[in-house]
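# Coordinate inspection notes
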Amino acid sequence: MLDYMQIAEKFGVDDKIRKLETELREIPNVTEVDFDIRGFYDDINYVIFILKYAVPADSEDYFGERKKLIDSALETARQNGLSRTGDRIEDYGEHFYFVTQCDDSWEICSEDDECSPEM
């Protein structure tokens, strides 16, 4: 199975994914970042990102810190040309799951474009 960076390279958006990943990792309490961009193969220009987080359970404002994390993630996505879809932000206990849509700045190549190396 291809990892997300191989897919990003194939569709010419590896620089955008690297930048987004770096900025998401800088959000307080985020411990891991993962992406699902397999929709690009079906001309679905969505970037799904999954953030693993570790808000201390004994935090004085546990739910406030989680809300800040979500707000920061959405703002980071917006600054990187991604907008929310109608999908809910899923909470899987220690992971948040975001579905975002790419704007025109993403210039996603099709599989047949020259920017797509053979895989």
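Further up the page is the structure itself.
Predicted model only: the values in this text are computed from it and were never measured. (Residues numbered from 1 in each chain as written. Predicted model: local features only at pLDDT ≥ 70, side-chain atom pairs only at ≥ 80, totals over all residues. Heavy atoms only, no water.)

### Side note on the overall build of the protein
A count of helices and strands for the protein gives three helices and five strands. Along the protein, helices (α) and strands (β) appear in the sequence α-α-β-β-α-β-β-β when read from the amino end. Taking 119 residues into account, the globule formula puts the C-alpha radius of gyration at 14 Å, and the protein, at 15 Å, falls close to it. Counting over 119 residues, the protein shows a buried share of 39%. Looking at the protein alone, contacts between residues at least 24 apart form 58% of all its contacts between residues at least 6 apart. Taken as a whole, the protein presents about 7200 Å² of accessible surface, with 44% of it coming from carbon and sulfur. The averaged location of the 30 negative side-chain charges in the protein is 6 Å from the averaged location of its 13 positive side-chain charges. (Helix = DSSP H or I, 4+ residues; strand = E, 2+ residues; numbered from the N terminus. Rg over C-alpha atoms; globule rule 2.2 N^0.38 Å. Buried < 20%, exposed > 50% of the residue type's maximum accessible area, 1.4 Å probe, protein only. Contact = heavy atoms within 4.5 Å. Areas by Shrake-Rupley, 256 points an atom, 1.4 Å probe, with all protein chains shown as cover. Lys, Arg positive; Asp, Glu negative; His and termini not counted. Charge placed at Lys NZ, Arg CZ, Asp CG, Glu CD.)

### With respect to the nonpolar core
Where a protein is soluble and globular, its nonpolar side chains tend to be buried together. Core analysis: the largest hydrophobic core is formed by 30 residues, its most contacted members being Ile 17, Leu 24, Phe 35, Val 47 and Leu 51. Elements represented by at least two residues in this core include exactly helix H1 (4-10), helix H2 (14-25), strand S1 (30-36), strand S2 (46-53), helix H3 (62-79) and strand S5 (95-102). A per-element tally of this core places H3 first, with five residues. Setting aside residues up to four positions removed in sequence, Val 47 forms contacts with Ile 17, Leu 20, Phe 35, Asp 36, Ile 37, Phe 40, Leu 82, Phe 98, Val 99, Thr 100, Cys 102 and Trp 106. (Core = buried A, V, L, I, M, F, W, Y, C linked by side-chain atoms within 4.5 Å.)

### Let's talk about the packing of H2 against H3
Look at H2 against H3: their axes get within 10 Å of each other, and the N-to-C directions meet at 155 degrees. If you check the angle between H2 and H3, you find them roughly antiparallel. As H2 packs across H3, the resulting crossing turns out to be right-handed. Note on element contacts: H3 touches H2 through Ala 73, Thr 76 and Ala 77, opposite Leu 20, Glu 23 and Leu 24. (Axes fitted to C-alpha atoms, helices over the stretch in contact; angles between N-to-C directions. Parallel < 35°, antiparallel > 145°, perpendicular 65-115°, else oblique. Left-handed = near helix turned anticlockwise from the far one by under 90°.)

### A short note on H3
The first and last C-alpha atoms of H3 sit 26 Å apart over 18 residues, in line with the 26 Å expected at 1.5 Å per residue. Buried residues along H3 sit against H2, S1, S2, strand S3 (82-84), strand S4 (90-91) and S5. Note on H3: the residue one or two positions beyond its end, Gly 81, has a positive phi of about 80 degrees. (Expected span 1.5 Å × (residues − 1).)

### Things to note about the state of the cysteines
Using the criterion set out here, one finds zero disulfides in the structure. No disulfide involves Cys 102; its sulfur sits 12 Å from that of Cys 109, the nearest cysteine. Here Cys 102 falls in the buried class, since its relative accessible area comes to 12%. (Disulfide = S-S within 2.5 Å.)

### With respect to the packing of aromatic side chains
Summed over all chains, the structure comprises eight aromatic pairs. Ring centres of Tyr 53 and Phe 96 lie 4.4 Å apart, and the angle between their planes is 15 degrees; on these two criteria the pair is classed as stacked. Placement of Tyr 53 in strand S2 and of Phe 96 in strand S5 is noted, with a sequence separation of 43 residues between them. In this pair, the class of Tyr 53 matches that of Phe 96, namely buried. The ring of Trp 106 has Lys 16 sitting right over it, with the charged end atom 5.5 Å from the ring centre. (Phe/Tyr/Trp six-rings, centres within 6.5 Å; stacked < 30°, edge-to-face > 60°. Lys NZ or Arg CZ within 6 Å of the ring centre and 35° of its normal.)

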